Amino acid sequence: MQPEATPSDINNVIAAVESKGWQAHVSQGSGMTVIGLQGQGQPLDPFHLGQLPGVRDAVAITQKFKIASRAFRPENTTFQLGDITVGSDELLVIAGPCSVESREQLLEAAHAVKEAGAHFLRGGAFKPRTSPYAFQGMGEAGLKLLAEAREATGLPIVTEVMSPKKVALVAIYADVLQIGARNMQNYDLLNAVGESQKPVLLKRGMSATIEDLLMATEYILKYGNNRVMLCERGIRTFDNKYSRNTFDINAIPLLKELTHLPIIADPSHAIGVRRHVAPMALAGVAAGADGLIIETHPDPDKAVSDGDQSLTLKQFAELMVKVRAMAAAVGRKI
Ligand code: PEP
Ligand code: MN
């Protein structure tokens, strides 16, 4: 719609598209309203829609993903998370252990990452493990420890939810719901977090194409939940002898072009090797990521999950010094 379109112009367009059997998805940009057509209505002539009062332009979005696309929303989606406006020139840093293991472990990590300059605390209470015999997470007790760590440090919490039935529970404690790589195409879960209206960190599946990721995103967005961050965390390629996954750094500039949503880089799960996490983190920032998520542990060699890729607290603090320099080099504030 034109910036000067009146509410009645907007309602008129909504009525016009609904009368043809479409649902109108209304989104407020900076000074501009965008009305997206969703569903399967009768064909509509973009020329005819373009003639309605207050309409600036009517375009057919040819990409399969609609609400996630830059065509739908040319400017970056930004939203406030704690002290940070994600998707703006401010770089978001999320850090903490792979799993919540104990009060001591979590609080020590939380205080240290806060001190080093992280903005968010991560930690899994429900863990998706390749082996059913591996540690599965502390469950609600872990969520309570995360809430305690937030109370103690002021850092908001990112934590994973694995099942639609647990969304309500995790949403009580979490500031951001993480969907793990293994669940990127769990459509019941995507629907549930979409409906929850909580901010979401959606991780790319290990064998998912960029388009698969954007189509999964669409499930969340269609509930009007626009506070979604996408995360590149490495994909499976033919070579996993020396690294856990292959950091698809291409995905960062490509996603920044294809979608208006913030993109987070996860070098920890991508390379999976502690001594190589720092250069990959810097590469993520250089490639244009809006944020980083870094696994950090007080004693990585004793971690119950992902110790091999977890930085010590000291290494994380050292990395933050370099992240600041890299952020400055690419015009980001931190
Ligand atoms: C995690 O963040 O600890 C995790 C399980 O990540 P991913 O889903 O990317 O493997
Ligand atoms: Mn992990």
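Our structure's up above, just so we're on the same page.
Criteria and cut-off values
Residues numbered from 1 in each chain as written. Chains lettered and ligands numbered in written order. Predicted model: local features only at pLDDT ≥ 70, side-chain atom pairs only at ≥ 80, totals over all residues. Heavy atoms only, no water. Buried < 20%, exposed > 50% of the residue type's maximum accessible area, 1.4 Å probe, protein only. Helix = DSSP H or I, 4+ residues; strand = E, 2+ residues; numbered from the N terminus. Pairing = 2+ DSSP bridges. Right-handed = clockwise from strand over helix to strand, strands pointing away. Expected span 1.5 Å × (residues − 1). Contact = heavy atoms within 4.5 Å. Donors = N, O, S within 2.8 Å, 3.2 Å for Na, K, Ca; no water.

Visitor: Help me get a handle on the pairing of strand β8 (residues 176-179), residues and values and all.
Guide: Going residue by residue along β8, you find Val176 and Gln178 tucked away on one face and Leu177 and Ile179 tucked away on the opposite face as well. As judged from the three bridges shared by strand β7 (residues 157-160) and β8, these two strands associate in the parallel manner. Paired with Glu160 across the two strands is Gln178, which belongs to β8. For the handedness criterion, the β-α-β arrangement of β7, helix α5 (residues 167-173) and β8 is classed as right-handed. Here β8 pairs with strand β9 (residues 200-203) via three bridges, running parallel.

Visitor: How would you sum up unusual backbone geometry? Please name residues and give values.
Guide: Although it is not a glycine, Gln197 sits at a positive phi angle of roughly 65°. Here Gln197 shows up in the loop between α6 (187-196) and β9. A relative accessible area of 35% means that Gln197 is categorised as partly exposed.

Visitor: Give me helix α3 (residues 103-116): which residues, what numbers.
Guide: End to end, α3 covers 20 Å across 14 residues, agreeing with the expected 20 Å (1.5 Å per residue, within 8%). Residues Gln105, Leu106, Leu107, Ala109, Ala110, Val113 and Ala116 constitute the buried set of α3. Elements in contact with the buried residues of α3: β5 (92-96), β6 (120-122), α4 (140-153) and α11 (313-329). Once α3 ends, the next one or two residues include Gly117, with phi positive near 110°.

Visitor: Could you give an account of the coordination of the manganese ion (ligand 2), naming the residues involved and the relevant values?
Guide: Of the protein atoms, only Cys98 (SG), His269 (NE2), Glu295 (OE) and Asp306 (OD) coordinate the manganese ion (ligand 2), at distances of 2.0 to 2.4 Å. Its relative accessible area of 3% is what places Cys98 among the buried residues.

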